[in-house]
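Each chain, written out:
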Amino acid sequence: MATTVVPPGSTTPPAAPRRPVARARRDEATGRGVVGTLLLYAALLILSVIIMAPLLWMLSTSFKTTGDATALPPAWVPPTPTMEGYTKLFADAQAPLLRWLGNSVLVGVLHTVLVLATASAAAYPLARMRFPGRRIVFALIIGTLFVPGFVFLMPNYLIADGLGWLDTMWALVIPGAASAFGVFFLVQFFQSLPAELEEAALIDGANRWQIFVRVVLPLSRAPLATLGLLSFLGSWNDFLWPLYVLFNPEQLTLPAGLATLRGAYATDYPAVMAGAAIASIPVLILFAFVQRFVIAGVARSGLKG
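Each chain carries its own residue numbering, running from 1 in the direction its sequence is written. Predicted model: local features are reported for residues with pLDDT of at least 70 only, side-chain atom pairs are reported and counted for 80 or more only, and whole-chain, interface and lining totals are derived from all residues. Water and hydrogen atoms play no part in the side-chain values, which are based on all heavy atoms of the structure.

### Remarks on the overall build of the chain
How we decide: Note on conventions: DSSP H or I runs of at least 4 residues are helices, E runs of at least 2 residues are strands, and numbering of each starts at the N terminus. For this analysis, residues touch if any pair of their heavy atoms sits within 4.5 Å. For every accessible area listed, the method is Shrake-Rupley and the probe measures 1.4 Å; residues are considered covered only by the protein chains on display.
A tally of helices and strands in the chain yields 14 helices and 0 strands. Element order for the chain, N to C, with α for helix and β for strand: α-α-α-α-α-α-α-α-α-α-α-α-α-α. Across the chain, every contact between residues at least 6 apart in sequence was considered, and the portion connecting residues at least 24 apart equals 72%. Put simply, the chain shows about 19200 Å² of open surface, and 70% of that area lies on carbon and sulfur atoms.

Printed below as a string of structure tokens:
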């Protein structure tokens, strides 16, 4: 047992050393950190399982027979794996899958290009230029985000009908080309760019258009890639609007075309799930290419008010 030595001429013993207390506190904090990390990973694991379960079920069902897909209790692993769903999908003359896939890709690309062009052209003056009514215009654009999209269904249909766009790809591309979210998203990023870059370009004799094209847009690759991916996904997954404006089976996009595989009294679930699995492949490839831009765009945009 340690003894406390009292210095000569002193009536009070020195304070006890605090190293064990500090070490205990550090050990306690380390223990709490480990527990917190384990809880975080457990929560992420549970969330990943919840997100991946429907996708795994879709993939599993695409390799089942029709009887196995409707059997009770359902089985996660196909009892007798088969490619029947995929062969039916490609052999059905009434379901031109490759045509639907091409229509979806074409519509998605055109829609994305128009959204990037209109959103960036509208966001730059709202972020950098000063003109009367700028705040009112921006507020009106943001206000449209709070209106349900279903409200615009009938007006857009009447406009497409009046312009003769029904049963054409223009009915899918043009109405959604003006993206209020895209304007809001890019305004936040443009406001975060250093104004000194534009001032230097003005001193060198560049006009606003040249600054926008040669200075601002090259610095905006990350948010533009993020907005482009979101716009492509929105067009790719659009289901209700193509059913309203497209009548010829050859003109359908993939989500609307897959809906026609459901019969009045029966549904070929393996074929439907096979089509859904094929529909997810282009999106996964696209996300693999633009993933780093999406992360950078989300990190740098939408944070400044």
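### Focus: the UniProt feature "transmembrane region" (unreviewed entry) in the chain
Let me state the cut-off plainly: UniProt positions are given in the numbering used here, feature names are shortened, and annotations may be inferred rather than shown by experiment.
Those places that UniProt annotates as "transmembrane region" (unreviewed entry) correspond, in this numbering, to residues 33–57, 105–124, 136–158, 170–190, 211–233 and 271–290. Helix makes up 61% of residues 136–158 and strand makes up 0%, while its end C-alpha atoms are separated by 28 Å.

### Focus on a nonpolar patch on the surface
Applied cut-off: Patch definition: residues with relative accessible area over 30% and no salt bridge; like charges joined within 9 Å; nonpolar side chains (Val, Leu, Ile, Met, Phe, Trp, Tyr) joined within 5 Å. Put simply, a salt bridge is a Lys or Arg side-chain nitrogen that is within 4 Å of an Asp or Glu carboxyl oxygen.
Nonpolar side chains collect at one region of the surface, where Leu-47, Ile-51, Met-52, Leu-55, Leu-56, Trp-76 and Val-77 lie side by side and expose about 710 Å² of accessible area between them. If you trace the backbone, Leu-56 turns up in helix 1 (residues 19–62).

### Some thoughts on the pattern of salt bridges
Put simply, the rule is: Burial here depends on accessible area, computed with a 1.4 Å probe over protein chains only, as a share of the maximum for the residue type. Under 20% is buried, over 50% is exposed, and the range in between is partly exposed.
If you walk through the whole model with that rule in mind, you get 3 salt bridges. Between Glu-250 and Arg-99 there is a salt bridge, with the nearest N and O atoms lying 3.2 Å from each other. Of this pair, Glu-250 sits in the loop between helix 12 (240–245) and helix 13 (254–259) while Arg-99 sits in helix 4 (residues 97–128), placing them 151 residues apart in sequence. When its relative accessible area of 33% is taken as the criterion, Glu-250 is described as partly exposed.

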